[in-house]
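# Coordinate analysis (summary)
In case you want the letters, here they are:
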Amino acid sequence: ALDDTDGLDLAPPPRPVLPLGMDKLPLKLRLRAVQGYITALQYNHTGEQYFSINKQRPLGRVMDTAKQIMRDGLPIKCVEAVFLGLHLTMGWKEIDRIPVSFKTQVGGKH
């Protein structure tokens, strides 16, 4: 858990930051910024689930989870990265969104 590092005198990892005026950047640079932001959060290898990953919720609740991920700055898993990508690109008219479904497999386990 997060409290396991209390006695180690470790600084929290730096939080990723999106560039100022991102909405004025060309699409390619905005996409790179979003990808960089998501990548900077790193993958959650802890075995702990920090955020709700229920995909059956209304879109507003999924966006609330994305905002919480951004506030907390904790490591994320794949579906949480999808939530962030959706939130960070909301309103971009130059891109098409295609619904996909996936199941992560690690070491032969789903």
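Structure shown above.
So, here's what we can say about the structure. Just so it is clear, the model here is predicted, and its values are computed rather than measured. One numbering rule holds for all chains: residues counted from 1, following each sequence as written. Per-residue local features are limited, in this predicted model, to residues with pLDDT of at least 70; the limit for side-chain atom pairs, both in listing and counting, is 80 or more; totals at the level of whole chains, interfaces and linings are taken over all residues. Excluded from the side-chain calculations are hydrogens and water; all other atoms, namely the structure's heavy atoms, are used.

### Examining the pattern of salt bridges
- For this analysis, a salt bridge means a side-chain nitrogen from Lys or Arg found within 4 Å of a carboxyl oxygen belonging to Asp or Glu. Inspection of the entire model under this criterion finds 2 salt bridges.
- Between Asp64 and Arg61 there is a salt bridge; the shortest N-O distance is 2.0 Å. Of this pair, Asp64 and Arg61 both sit in helix 2 (residues 59-72), separated by 3 residues, roughly a single helical turn.
- Judged by relative accessible area, Asp64 falls into the partly exposed class, the value being 32%.
- In this scheme, a residue with accessible area under 20% of its type's maximum is buried, one over 50% is exposed, and one in between is partly exposed, where area comes from a 1.4 Å probe on protein chains only. For Arg61, a relative accessible area of 47% gives the class partly exposed. The helix count covers DSSP runs of H or I at least four residues long, the strand count covers runs of E at least two residues long, and both are numbered beginning at the N terminus.

### Details of helix 1 (residues 27-40)
- If you check helix 1, its first and last C-alpha atoms are 20 Å apart, about what 14 residues at 1.5 Å a residue would give, namely 20 Å.
- Note on definitions: a residue-residue contact is assigned when non-hydrogen atoms from the two residues lie within 4.5 Å. The inward-facing, buried residues of helix 1 contact helix 2 and helix 3 (78-88).
- One or two positions beyond helix 1, positive phi appears at Gln42, with a value near 70°. For a helix, the expected span equals 1.5 Å multiplied by the residue count minus one.

### Some remarks on the side chain of Glu80
- Following the sequence through the fold, Glu80 ends up in helix 3.
- Despite being buried, Glu80 has no salt bridge partner; Lys77 is the closest side chain of opposite charge, sitting 6.8 Å away.
- Residues contacting Glu80, with those up to four places away along its chain left out, are Gln49, Phe51, Ile53 and Ile69. Here Asp and Glu are counted as negative and Lys and Arg as positive; His is not counted, and neither are the chain ends.

### Points about the environment of Asp23
- With respect to the helices and strands, Asp23 occurs in the segment before helix 1.
- Each C-alpha atom, one on Asp23 and one on Trp92, is 8.8 Å from the other, the two residues being 69 residues apart in sequence.

### Some thoughts on helix 3
- Among the residues of helix 3, Val79, Glu80, Phe83, Leu84, Gly85 and Leu88 are the ones counted as buried.
- Considering only its buried residues, helix 3 is in contact with helix 1 and helix 2.

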